[in-house]
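A structural walkthrough
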Amino acid sequence: MKLLTLNFVSCARKACKSSTSSFPLHPRDAELELVEMEFNPQFLQNMLPKLEWEALQIICNELALPTLPSSTPAASDLFESGGEGSSPAQPTQVARDLHKLLLETTIREGLLVCSNCGHEYAIKEGIANFLLPPHLV
Amino acid sequence: MPGGENDESYEQEHVHDVYEQIAEHFSSTRYKPWPTPHSFLLSLPPGSIGLDVGCGNGKYLSSNPSLFILASDRSANLAAIAASNYPRQEVSVADGLRLPYTDGRFDFAISVAVVHHFSTRERRVAAIESVLSCLREGGRGLVVVWALEQESSRRGWGEGDEQDVMVPWVTRKRKDRSRDQGRGSGEADVGEKETEKTFNRYYHLYRKGELEEEAVEAGGKVLESGYEKDNWWTIISR
Ligand SMILES: [Zn+2]
């Protein structure tokens, strides 16, 4: 599971959906893997405003990844402010770092824990399983 | 017949267990995207984020590589096939009535050939509702279901026919002698080169207008709808 995904998933239980503590889910015993993905700065620029930045910070902190800026980077942080040249704006290191974090950093094995109900969802071979046991449905 | 008190275990037996067992064969026959979902996905701007609920083998995950799609399927076997085919997107195992996504943040959603597998109207409406609740204000969801009106297909169903049906899926596979040894196989044709097995899947066949009715009952607005090759489709928003 990509870290970008973790910014959009919550506990699957109906009872948890209304609680703010069901998001984000917290990784536990996570084994991370870097998987190379094609870099698309335009995609990043459009994705940035959709992110819950604070949730992303929490996850980075829990996974002991480098600290993020304190607020969502602006679109202007993603491209070098070039001169008058006609060549397209070059992506910045910030853009490359975000790409690596959101799209290339994946949880290969581990658990995702809901801090509202404590339920643990397993991730195996990169695929999270959100099916609930009958007593939690 | 569905509609009893245990609709979930009915679907477990007549939908989920079947797909789990036919996953590989099913996937090998489902590689060509239908035009409606394909062009719906192509109409979205780069960096849009959305869902593919009941993604099967993931044949829509490559329609538009500038999107980010959180795909899910109830079948772990199909999810594994989708994940290995389309690493750019995300694939999870999830139940359509218990989606693990945050409310109100997605630009789009598709659910193709999925909602017709829920065995009561209440559950079909709930399935549409759970897709709707993920959409942001202005986000659009495409739902495609099998039509009752498919006179031109080999099945020949039409208006007035029974809407709750079992549809067979026949798999043929070569016998693997080494794996069968010592196992009390109940199949009649042991010793033949191929075995044939029939799985029956439950479907609710939608009559004209029914999908829109359910979408409205789920709290959605119908933006557009139509018929394409034995299927009804509708585009909805919250
Ligand atoms: Zn929970």
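Rules of the game
Residues numbered from 1 in each chain as written. Chains lettered and ligands numbered in written order. Predicted model: local features only at pLDDT ≥ 70, side-chain atom pairs only at ≥ 80, totals over all residues. Heavy atoms only, no water. UniProt positions renumbered as here; feature names shortened; annotations may be inferred. Axes fitted to C-alpha atoms, helices over the stretch in contact; angles between N-to-C directions. Helix = DSSP H or I, 4+ residues; strand = E, 2+ residues; numbered from the N terminus. Parallel < 35°, antiparallel > 145°, perpendicular 65-115°, else oblique. Contact = heavy atoms within 4.5 Å. Buried < 20%, exposed > 50% of the residue type's maximum accessible area, 1.4 Å probe, protein only. Lys, Arg positive; Asp, Glu negative; His and termini not counted. Salt bridge = Lys/Arg side-chain N within 4 Å of Asp/Glu carboxyl O. Polar contact = N/O pair within 3.5 Å; in protein donor to acceptor, adjacent residues only side chain to side chain.

Going by an unreviewed UniProt entry, chain B carries the name S-adenosyl-L-methionine-dependent methyltransferase and comes from Eremomyces bilateralis CBS 781.70.

Named according to an unreviewed UniProt entry, chain A is AdoMet-dependent tRNA methyltransferase complex subunit Trm112 originating from Eremomyces bilateralis CBS 781.70. Among the UniProt annotations of chain A, the heading Sequence similarities (unreviewed entry) holds the following wording: "Belongs to the TRM112 family."

All names here are of chain B. Following both chains from N to C, one finds helix α1 (residues 7-29) and helix α3 (residues 76-85) inclined at 30°, their axes separated by 7 Å at the closest point. One finds that α1 runs roughly parallel with respect to α3. Contacts from Y19, E20, A23, E24, F26 and S27 of α1 reach α3 at A76, N77, L78 and I81.

A word on the UniProt feature "domain: Methyltransferase type" (unreviewed entry) in chain B. On the UniProt side, "domain: Methyltransferase type" (unreviewed entry) is annotated at positions that read residues 51-140 of chain B here. A distance of 11 Å separates the end C-alpha atoms of residues 51-140 of chain B, which is 24% helix and 29% strand.

Looking now at the side chain of D73(B). All names here are of chain B. Among the secondary structure elements, D73 is positioned in strand β2 (residues 68-73). With no salt bridge to any partner, buried D73 finds its closest opposite charge in R74, at an N-O distance of 7.9 Å. Within the structure, D73 has its side chain in polar contact with the backbone nitrogen of C55 (distance 3.3 Å). A distance of 2.9 Å separates a polar atom in the side chain of D73 from the backbone nitrogen of S75. For D73, the contacting residues outside a window of four places in its chain are G54, C55, G56, L78, A79, S92, V93 and A94.

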